[in-house]
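Secondary and tertiary structure notes
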Amino acid sequence: MTRRLAAVILLQLLAQQTTALVDNDNKAGTVAEFEFIDEDLIRDPPAQSSSAFLPEDGNNNNNIPAETKSKLQQLEEKYSLQPNSIPVDARSGRVESLTLSEPILPGMGVGNRFLWGVGFNTDDNDMEGDDIDHRHHRGLAPTTTSEYATLTITALQSWLTSNADALSLSPTEIEELFSQDNMANIRTAVHGEGDDVMVQLHIPRVWKGVLVVGSRIMGTVKHGNLINVGLEEWGTIPSNLSTKPKLNARKASRKVANHASRSLTGGETCPPELQILTMTPSSANDDFGNGYKYTLVWKVCPTLEGQEQEIMEGIVDAQTGQVYSFVDKVDYLEATGGVYPFSNDGKTVNGIPDGVLQDAWPMPYMYVGGDTTTTGGNFDATSGSASFSGPYARISDNCGSSSLSVSSGGLDWGSSGGDDCTTPSQGGSGNTHSSRTGFYELNKIMEMARAQLPNNSWLKQQLRINVNINSSCNAFWNGSVNMYRSSNSCGNTGEIAAVLDHEWGHGMDANDVNGGIAKPSGEGIADVYAALRLGDSCIGRNFFKTKTCGGCTTCTGVRDIDYEKRDGFPHDFTWSNNNCGGKVHCVGGVYSEAVWSLYKRILQTAPYNYDDNTALEITTRLTYIAAGNVQTWFSGSPGSGGCGSGSGYREFLAADDDNGNINDGTPHMRAIYEAFNDQEIACSSPSVKDSGCSGTPDAVPVVSVVSGD
């Protein structure tokens with residue numbers, strides 16, 4: 001097979017991917033210089049679209065078998081959908097996504113008449129009159145998010161079973177999806193409470209007990225209604241595909257070592273795992289329904305001679321030993337103390353000294369003796385000591401350790417001039433600018449995230465932050481946040497809030513509902529999290545000390561996600577295809593620009609006219625909810641890049657929906673459409689219209705004055 005360097009979009013093979021702030025193309029002499037990805041793993045350019053729309057694209061429509069058309073018409077009639085509105089994955093020959101308003105649990109959604117009850121009969125034949133319109137769902141209302149999630153999984157299983165034929169799902173496939181073994185792989189997120197509940201579901205595909213990488217069923221239930229469901233990369237797996245490997249994991253690791261011409265050292269950075277790999281042979285692109293090929297593989301991550309910070313992952317055919325890919329998962333990015341609130345460039349912007357070291361800023365959520373500080377840095381302990389450690393964050397500083405004892409004045413870590421390992425005259429050699437800034441900033445963005453996602457367990461765990469690593473001009477995520485020292489060219493990344501937030505954003509992406517770094521690039525959402533936290537489109541001001549980022553007018557960070565501060569035009573799907581060459585930081589800009597435009601321009605102009613704070617609040621809420629279940633932000637062809645199941649566009653609409661029915665519009669649907677359509681990653685179905693917030697007035701009230709005593 002032809003080998004291509006790893007600067008291309010790769011099928012997501014690893015849930016916990018290592019990512020970095022900027023691309024590192026200089027890998028000569030390292031273990032990563034032998035990277036490659038088999039051409040059958042590379043998703044083809046959108047010129048050969050993976051989606052066909054009936055009958056909007058007459059050419060694709062002619063290739064769709066009559067049986068498939070009949071099944072689509074069956075779904076459209078059953079759920080009162082517009083004719084020829086269902087996206088189809090041409091490679092799988094199956095439905096890509098459905099936008100519905102179908103009650104499957106009790107709720108306040110449109111047309112939902114289910115009620116929580118005890119022992120009520122759900123058989124309509126035993127009901128009379130109005131009772132038929134007020135069917136009761138068996139069982140008590142859930143009292144915990146876990147109970148709600150379990151009930152939603154069961155309800156979706158029932159819906160899939162009843163629609164299995166139209167979706168071309170076999171009973172065996174559905175049984176395996178919801179088997180006891182696969183239940184541990186199903187991920188859910190429950191948002192809201194009472195009558196205002198949204199549940200997102202990620203159900204990975206398994207075949208004879210083996211995970212099928214990249215293939216899943218996703219769903220969204222809001223106000224009790226199933227509003228979005230889709231099958232992603234769900235082709236037909238040959239019944240004779242064996243799940244018994246001829247090679248064991250050790251032999252697969254040797255195949256990887258032989259490819260790299262390096263010896264094994266005996267360690268590994270991930271446990272070996274048997275998987276079924278989804279491939280896209282170029283020869284099958286025009287064969288409707290036969291565009292996916294499936295192969296049993298080993299995923300192995302052996303450590304090799306000369307390996308340093310690289311995390312090398314190999315995908316090896318479990319029958320033949322062929323190496324399909326070999327990639328480095330690092331793509332290369334009132335306790336008080338002195339903190340850089342925004343950057344370390346010494347600047348005052350719009351009258352705010354956010355690039356100047358600020359003394360006596362609170363150290364939130366820090367262990368002090370037997371106590372923990374509040375968000376404002378307050379604590380009650382009168383004795384004991386502290387380091388940069390707390391329930392949500394722990395700093396590991398390569399300059400040394402930190403320790404400071406409580407005094408009558410509290411706990412002041414102080415501040416100083418200098419950079420990198422420079423410290424005040426207290427707190428130890430690890431009391432650096434990076435330690436103080438990193439501890440403060442990441443605690444703050446995690447606090448912000450917990451407010452949006454209170455049920456996310458990852459946000460309640462302790463995060464490790466490594467600062468002052470003895471290198472420069474980068475930062476990366478590998479399960480922890482890793483920050484570099486300064487150089488003549490670049491600032492210390494641990495002293496730059498947006499860089500810290502960006503790398504944390506990869507962790508958020510890897511630990512949401514979908515549970516993996518999003519495709520075709522996770523860099524965009526990491527940029528968005530940083531930008532929304534700080535209200536600035538420049539990602540990492542003062543990353544570059546002596547220049548601006550490529551194409552940027554003023555930004556000295558790694559990139560600017562406001563296209564008006566670059567070339568003045570959207571860097572859309574078409575532009576990405578022609579200019580990015582698959583580089584993930586470039587590709588991520590396609591959708592990060594959409595989210596920034598939604599916040600900074602569209603919501604702040606007519607007909608919405610929100611002030612900056614309100615627009616930021618709306619966009620932040622939509623982003624945290626929507627991004628959680630996105631597996632692929634955009635795909636298919638420019639102009640309809642958001643039509644795929646679980647796309648960024650569809651998930652933003654689901655998050656914005658207020659009545660369990662996207663088809664009748666959402667409160668900000670036109671704004672969302674405009675933002676994503678400018679980037680060619682929206683979808684014309686369902687039709688675009690704003691709807692009033694459910695249960696609230698749609699018009700200005702008429703006030704009458706009546707005289708009285």
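This write-up is about the structure you can find in this document. Every value quoted in this text rests on a predicted model; they were computed, and no experiment measured them.

Cut-offs used in this document
Residues numbered from 1 in each chain as written. Predicted model: local features only at pLDDT ≥ 70, side-chain atom pairs only at ≥ 80, totals over all residues. Heavy atoms only, no water. Helix = DSSP H or I, 4+ residues; strand = E, 2+ residues; numbered from the N terminus. Buried < 20%, exposed > 50% of the residue type's maximum accessible area, 1.4 Å probe, protein only. Areas by Shrake-Rupley, 256 points an atom, 1.4 Å probe, with all protein chains shown as cover. Contact = heavy atoms within 4.5 Å. Expected span 1.5 Å × (residues − 1). 1 Å grid on protein atoms, 1.4 Å probe; cavity = no way out; pocket = protein on both sides within 12 Å on 5 of 7 lines; lining within 4 Å. Points joined across faces, edges and corners; volume = space filled by probe spheres on them. Nonpolar A, V, L, I, M, F, W, Y, C, P; charged D, E, K, R; others polar. Disulfide = S-S within 2.5 Å. Polar contact = N/O pair within 3.5 Å; in protein donor to acceptor, adjacent residues only side chain to side chain. Salt bridge = Lys/Arg side-chain N within 4 Å of Asp/Glu carboxyl O.

Below, the discussion takes up the overall build of the chain. The secondary structure content of the chain amounts to 15 helices and 32 strands. Burial analysis of the chain (709 residues in total) assigns 58% to the buried set. For the chain, the accessible area works out to roughly 27,900 Å², and carbon and sulfur atoms hold 47% of it.

Looking at the secondary structure, you find Pro204 in strand E11 (residues 196–207). On the accessibility criterion, Pro204 (7% relative accessible area) is buried. Between the alpha carbons of Pro204 and Phe178 there is a distance of 9.9 Å; along the sequence they are 26 residues apart. For Pro204, the residues in contact, after removing those within four places along its chain, are Leu177, Asn182, Asn185, Ile186, Leu211, Ser215 and Arg216.

A few words on helix H3 (residues 145–162). Taking 1.5 Å as the rise per residue, H3 with 18 residues should run 26 Å; its terminal C-alpha atoms sit 26 Å apart, in good agreement. Of all the positions in H3, only Tyr148, Ala149, Thr152, Ile153, Ala155, Leu156, Trp159 and Leu160 are classed as buried.

Position of Thr374 relative to the elements: it lies in the loop between strand E23 (371–372) and strand E24 (385–386). Thr374 has contacts with Met363, Pro364 and Tyr365, leaving out every residue within four places of it along the chain.

Let us look at empty space enclosed by the protein. The volume enclosed by the largest cavity comes to roughly 60 Å³. In terms of lining, the largest cavity is formed by Thr68, Lys71, Leu72, Gly93, Arg94, Val95, Ala166, Leu167 and Ser168. Of all the secondary structure elements, the ones that give two or more residues to the lining of the largest cavity are helix H2 (66–78), strand E6 (94–95) and helix H4 (164–167). For the lining of the largest cavity, the element with the highest residue contribution is H2, accounting for 3 residues. Of the residues belonging to the lining of the largest cavity, the class tally is 4 nonpolar, 3 polar and 2 charged.

Attention now goes to the state of the cysteines. Taken as a whole, this structure holds 7 disulfides when the rule is applied. The disulfide bridge from Cys473 ends at Cys490, spanning 2.1 Å between sulfur atoms. The sign of the 100° torsion about the S-S bond sets the Cys473-Cys490 disulfide as right-handed. Taken as a pair, Cys473 in the loop between strand E28 (463–472) and strand E29 (475–477) and Cys490 in the loop between strand E30 (481–485) and helix H9 (497–510) lie far apart in primary sequence, 17 residues in all. Cys490 gets classed as buried once you look at its relative accessible area, which sits at 2%. Sulfur-sulfur distance for the disulfide between Cys538 and Cys555 comes to 2.1 Å. An S-S torsion of about 75° defines the bridge between Cys538 and Cys555 as right-handed. With a gap of 17 residues between them, Cys538 in strand E31 (residues 538–539) and Cys555 in the loop between E31 and strand E32 (559–560) connect regions that are remote in the sequence. For the residue pair Cys538 and Cys555, the accessibility class agrees, reading buried in each case.

Turning our eyes to something else, we now look at the side chain of Ser592. Relative to the helices and strands, Ser592 resides in helix H12 (residues 584–602). Judged by its relative accessible area of 0%, Ser592 falls in the buried class. A distance of 3.5 Å separates a polar atom in the side chain of Ser592 from the backbone oxygen of Gly589. Residue contacts for Ser592: discarding those within four places in its chain leaves Gly524, Val528 and Ile561.

Quick look at the pattern of salt bridges now. Evaluated as defined, the whole model comprises 14 salt bridges. The shortest N-O distance in the salt bridge between Glu173 and Arg205 comes to 2.9 Å. Of this pair, Glu173 sits in helix H5 (residues 171–177) while Arg205 sits in strand E11, placing them 32 residues apart in sequence. Judged by its relative accessible area of 12%, Glu173 is buried. Through salt bridges with shared partners, one network takes in Glu523, Asp527 and Arg559.

Everything listed is a geometric property; what it means functionally is a separate question.
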